[in-house]
Each structure stands twice: as structure tokens, then as C-alpha cells.
Amino acid sequence: MAQRWSLITGLVLLTAATAPAHDIITTAITWDREISRIIYTRCASCHHDGGQAFSLMTYEAARPWAVAIKEEVLERRMPPWGAVKGFGDFRDDQALTPEQLELITSWVGGGVPEGEAKDLAPDPKFDQPAQQVPSHGVVAVSGEFQLRKDFSLDGILPKNVPEDSAFQITAEMPDGSIEPLLWFEHYSAKFAHPFLYRNPIELPAGAKIHGVPPGSTVLLLPAVPASTNATLTP
């Protein structure tokens, strides 16, 4: 009898040792309610079936990448915004907010729970029109540059910027004040896009543009009525 119980106990321990481990859930944050909304709005434009990168459209697809997702977003490598967040105020900013970073960190650290299907975010749409930027009145800047006339700056478009560049662009006003414009960091031409300000920046004649290295070129985009906009390819 003792020998039989020893055999049973051994089998139980062996089963427990070889059974797949399950994450211990310690967070109320779920894929369906919070994380899918972040992924769909910030990542899915590339990370979907047929997109530029592997799909993150479902819990099953994203679950194996959970730790990697946390590491990439905390290091600001993803989403590939290409600039330092907070240096300039952009209406098309795709970088994650501190609150979104905290949600992802808590979700991964708390056992990556899936949640309930009823909370899942609606599927994103991938047929959004291309961003519209002016095709006329654009000013190319390479090296130090001084404006000859007033300029209402709507955004900056990289035209010739080396891979993984890191440099700050500022505007020095005639009164000596400095306006931060754009700080490139981990820039990649593969994800080239215009950096469009939330509100136009009024640059008076005589303002100096600093920080664009010789050999690099960025385009200053003028603020114009939407009816006259045209697509400009980076």
C-alpha cells in the first residue's frame, strides 16, 4: 500500500513539474479593454496582416510578444515616431503617452490577462487618406538658415536625414528667444512622415533656424488653407 501511494505521489509531482506554467494575474488591466485600444491606434497601421510588420491584431498574436512590446515602447523605439516627445507640440504625434506606457507595463507585469470579448476595441481602419501637406511655399533648410520674410510654420518634413539621426532643430527669434522645433532621435527613413504642429508657429523675418547638420535637409511647411493643400511625398 505504501509503495502504491509513493507511486501515485511521484506521478502527481511529475505531472505538476511538466505542466505548462500559467501567469498569475495581478492586474485589472486587460488586452480587450485597454491594451487593444493602444495597439489599434498606435501600432496596427504597420502590425496587421499584410502590413509592414507581423500582426498584433489579436490577443493570440500579441501575447508571445508582450515582453518585447513593453521593452520597445519604453525605449521609445516603437511606435517609430522618430523624435523626442515633448520637444515641440505635434498634432500627428504617434508616440505613446506616459499613461499608455504605464498601462502596458502594468499589463505585462500583471500576467497579460486577455479580458472579456465584449470590451474589445473596434477593428481599426487602414484606408485612411495620406497626410496632406503644402506643395507650394515650402522652404528647404540645410545647415544654418535665416528667414528673409515672415513665415507661418505648420510643420517640418524630413527630406534627407541619415538613419538613426539625433539632432535638435530650434528657431532663434530676432529678440533672442528660442523656439524648440524638432528633436530627431532614432529617425528612420522607412517611417518618414511630416511632423505637423498642433498650432502654427509664427516665425518673423530674421529668425534663424539652427541645428540642421550640413548634408541633411528638412522642409519647412507653411500653414495654408486646407483647400490649397496637396500631398508631398517625403
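Each remark here, short or long, concerns the structure printed above.
Residues numbered from 1 in each chain as written. Predicted model: local features only at pLDDT ≥ 70, side-chain atom pairs only at ≥ 80, totals over all residues. Heavy atoms only, no water.

A. Up close: the sheet that holds strand 8 (residues 217-222). Sheet architecture is open: 4 strands sit in the order 1-8-3-6, paired in antiparallel fashion. Edge positions in the open sheet fall to strand 1 (139-141) and strand 6 (195-203), since each of these has one partner strand only. Across the sheet, the mean angle from the axis of one strand to that of its neighbour is 35 degrees, orientation sign disregarded. Where strand 3 (residues 151-160) lies against strand 6, 5 bridges are found, and the strand directions are antiparallel. (Pairing = 2+ DSSP bridges. Helix = DSSP H or I, 4+ residues; strand = E, 2+ residues; numbered from the N terminus. Axes fitted to C-alpha atoms, helices over the stretch in contact; angles between N-to-C directions.)

B. How the structure looks around the nonpolar core. Of all hydrophobic cores here, the largest spans 28 residues; its most connected members are Ile-169, Leu-181, Phe-184, Leu-203 and Leu-220. Of all the secondary-structure elements, those providing two or more residues to this core are strand 1, strand 3, strand 4 (166-172), strand 5 (178-185), strand 6 and strand 8. Among the elements that make up this core, the one with the highest residue count is strand 6 (4 residues). Setting aside chain neighbours within four positions, we find Phe-184 in contact with Gly-82, Ala-83, Pro-158, Val-161, Ser-165, Ala-166, Phe-167, Ile-169, Phe-195 and Val-218. Membership of the second largest hydrophobic core comes to 22 residues, among which are Ile-29, Ile-38, Tyr-40 and Val-112. (Core = buried A, V, L, I, M, F, W, Y, C linked by side-chain atoms within 4.5 Å. Buried < 20%, exposed > 50% of the residue type's maximum accessible area, 1.4 Å probe, protein only. Contact = heavy atoms within 4.5 Å.)

C. Structural detail: the packing of aromatic side chains. In this structure the tally under the stated criterion is 11 aromatic pairs. Judged by centre distance (4.8 Å) and plane angle (70 degrees), the ring pair of Trp-81 and Phe-195 falls under edge-to-face. Separated by 114 residues along the polypeptide, Trp-81 in the loop between helix 4 (66-74) and helix 5 (98-109) and Phe-195 in strand 6 bring together distant segments of the chain. Of the two residues examined, Trp-81 and Phe-195, each falls in the buried class. For the pair Phe-87 and Trp-183, a centre-to-centre distance of 5.5 Å together with 75 degrees between the ring planes defines the contact as edge-to-face. Of this pair, Phe-87 sits in the loop between helix 4 and helix 5 while Trp-183 sits in strand 5, and the two are 96 residues apart along the sequence. Its relative accessible area of 14% is what places Phe-87 among the buried residues. We classify Trp-183 as partly exposed; its relative accessible area is 29%. An aromatic cluster is built from Trp-81, Phe-90, Phe-167, Phe-184, Tyr-187, Phe-195 and Tyr-197, whose rings are joined through pairwise contacts. (Phe/Tyr/Trp six-rings, centres within 6.5 Å; stacked < 30°, edge-to-face > 60°.)

D. Region of the structure containing the pattern of salt bridges. Counted by the stated rule, this structure contains 7 salt bridges. One salt bridge connects Asp-93 with Lys-85, and the closest N-O pair in it is separated by 2.8 Å. Taking the shortest distance from any N to any O, the salt bridge between Asp-89 and Arg-198 comes out at 3.1 Å. Here Arg-198 lies in strand 6 and Asp-89 lies in the loop between helix 4 and helix 5, a separation of 109 residues in the sequence. Assessed through its relative accessible area of 43%, Asp-89 is described here as partly exposed. On the basis of relative accessibility, which here comes to 46%, the residue Arg-198 falls in the partly exposed class. (Salt bridge = Lys/Arg side-chain N within 4 Å of Asp/Glu carboxyl O.)

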